[in-house]
Amino acid sequence: MRAWHFAERPEGEPTLDSFDLRERERPTPRFGELLVRVRYLSVDPYMRGRMRAGESYAEPWDVGDVLQGGVVGEVVESEHDRFEAGDLVAGRGTWAEYSVLDADDAAPVDPAVADLPAYLGVLGMPGRTAYFGLLEVGDPRPGDTVVVSAAAGAVGSVVGQLADLTGCHVVGIAGAEGKLEWLESVGFDEGINYKEEDVSAALRKACPDGIDVYFDNVGGPVTDAVWPLLNVRARVAVCGQIALYNATEVPTGPRKLGKLIESRARVEGLLVRDYEDRWGEALKRLSEWVASGEVEYRENVVDGLENAPDAFLGLFEGTKIGKQLVQVGQREA
């Protein structure tokens, strides 16, 4: 089989030099494991942190390792009585044509509810992150103003729709007019193009009564623009800092903590694995919303395992809407 290995640690923005496609023996599952023929592979911004040698919330990759990520595919061999050959599952796997999954970590996939890639997006890790990040950390209430950065991404787009379902005024920040048009079609009330507009001025106009919940996926200047508008007892969910992921030196800060004294706002970091014992709850509710059409989603599928690095690097271009995926096996009709 073919598998992508981590070739070298990048300095600044990653390039194709960090990836090496190799032929290797197909693995054999041990007790409690599944061998899965991968159909779709997820690429996600957090993977940039795993390319660094320093400590982070995700264990760094060693040079030479097979790259890891979420996968969905078909069980070929099962060494667990909960699954059998032919079952469709999603779980933590590798950038490869075949992947061994821990059966206790794998989840069954129902194509009658949504297409297979959705189990790596709205019904997978990004959807769970949006669900717990907004509803638990953001704690939105009807009538609140909720601002979401990277709003057209796999996480941000679900956050905004859940905020809309809660009865909030929802403002999305994204980098292209096409993205803003789609966001408004799925329930966002306002859209701000951070590449074309003065974000501070646009936020003051879109949020005349201030901001009650900020879901932060980017950090950097966009978050700086949000900070002065935080209301008393506002909640900030810090999910990602993609504006800084490729920085060789992280700017000194934060410099605006005085605003928290005035607003008594709560700022909380978010790791979806902290809610692992409730993932079933998130899947059930998200599946219901998807089936009813109350939550919509978009996917960008790059064909071919050989193009997985290009799909990953595309995350930092800011041109795509929704979840970025790689089709490894035969695409669904």
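Residues numbered from 1 in each chain as written. Predicted model: local features only at pLDDT ≥ 70, side-chain atom pairs only at ≥ 80, totals over all residues. Heavy atoms only, no water.

### A short note on the overall build of the chain
Item 1. Looking only at helices and strands, the chain features eight helices and 15 strands.
Item 2. Its C-alpha atoms give the chain a radius of gyration of 20 Å, within 12% of the compact-globule value 20 Å for 333 residues.
Item 3. Considered along the principal axes of its C-alpha atoms, the chain spans approximately 60 × 45 × 35 Å.
Item 4. Looking at the chain as a whole, 52% of its 333 residues qualify as buried.
Item 5. Counting 34 positive and 57 negative side-chain charges, the chain places the averaged centre of each group 4 Å from the other. (Helix = DSSP H or I, 4+ residues; strand = E, 2+ residues; numbered from the N terminus. Rg over C-alpha atoms; globule rule 2.2 N^0.38 Å. Buried < 20%, exposed > 50% of the residue type's maximum accessible area, 1.4 Å probe, protein only. Lys, Arg positive; Asp, Glu negative; His and termini not counted. Charge placed at Lys NZ, Arg CZ, Asp CG, Glu CD.)

### Thoughts on the packing of helix 1 (residues 125-138) against helix 2 (residues 156-166)
Two numbers describe a pair of packed helices, the interaxial angle and the distance between the axes.
Item 1. Axis separation between helix 1 and helix 2 bottoms out at 9 Å; the angle between their running directions is 45°. As summarised for this structure, helix 1 and helix 2 are arranged oblique, according to the angle between their axes. Between helix 1 and helix 2 lies a crossing of right-handed hand. Each of Ala-130, Tyr-131, Leu-134 and Leu-135 in helix 1 lies in contact with helix 2, whose residues at this interface are Val-158, Val-159, Leu-162, Ala-163 and Thr-166.
Item 2. Here the residues of the contact of helix 1 with helix 2 are counted per class, giving eight nonpolar, one polar and no charged. (Axes fitted to C-alpha atoms, helices over the stretch in contact; angles between N-to-C directions. Parallel < 35°, antiparallel > 145°, perpendicular 65-115°, else oblique. Left-handed = near helix turned anticlockwise from the far one by under 90°. Contact = heavy atoms within 4.5 Å. Nonpolar A, V, L, I, M, F, W, Y, C, P; charged D, E, K, R; others polar.)

### A word on the pattern of salt bridges
Item 1. For the structure shown, the criterion picks out 16 salt bridges.
Item 2. Between Asp-105 and Arg-92 there is a salt bridge whose closest N-O contact spans 3.0 Å. With Asp-105 in the loop between strand 6 (98-102) and strand 7 (107-108) and Arg-92 in strand 5 (residues 88-94), the pair connects residues that are 13 residues apart, well separated along the chain.
Item 3. We note a salt bridge from Glu-268 to Arg-266, for which the minimum N-O separation is 2.9 Å.
Item 4. Classification of Glu-268 as partly exposed rests on a relative accessible area of 31%.
Item 5. Each of Arg-2, Glu-97 and Glu-306 takes part in a single network of salt bridges with overlapping partners. (Salt bridge = Lys/Arg side-chain N within 4 Å of Asp/Glu carboxyl O.)

### What to know about the sheet that holds strand 8 (residues 145-149)
Item 1. In spatial order, the strands read 10-9-8-11-12-13; together these six strands make up an open sheet with parallel pairing. Looking at the sheet topology across the chains shown, the edges are occupied by strand 10 (190-193) and strand 13 (266-269). Strand-to-strand twist of the sheet, defined as the mean angle between neighbouring strand axes without regard to direction, takes the value 15°.
Item 2. Bridge count between strand 12 (residues 230-238) and strand 13: four bridges; the pairing is parallel. Bridge pairing in strand 13 places Val-238 opposite Gly-269.
Item 3. Contacts between helix 3 (residues 177-185) and the sheet are confined to strand 9 (169-174) and strand 10, with strand 10 contributing the most and set at about 170° to the helix. (Pairing = 2+ DSSP bridges.)

### Some points on the packing of aromatic side chains
Item 1. As enumerated under the stated definition, the model contains nine aromatic pairs in all.
Item 2. Their ring planes at 45° and their centres at 6.4 Å tell us that Tyr-131 and Trp-289 sit as a pair that is tilted. Linking Tyr-131 in helix 1 with Trp-289 in helix 7 (residues 279-292), this pair joins segments that are 158 residues apart in sequence.
Item 3. Taking the relative accessible area as the measure of exposure, Trp-289 reaches 13% and is therefore buried.
Item 4. Among the aromatic side chains, those forming a connected cluster through ring pairs are Trp-4, Phe-19, Trp-95, Phe-312 and Phe-316.
Item 5. One cation-aromatic arrangement involves Arg-26 over Tyr-98; the distance from NZ or CZ to the ring centre is 4.7 Å.
Item 6. Its end group placed over the ring of Trp-279, Arg-128 keeps NZ or CZ at 3.9 Å from the ring centre. (Phe/Tyr/Trp six-rings, centres within 6.5 Å; stacked < 30°, edge-to-face > 60°. Lys NZ or Arg CZ within 6 Å of the ring centre and 35° of its normal.)

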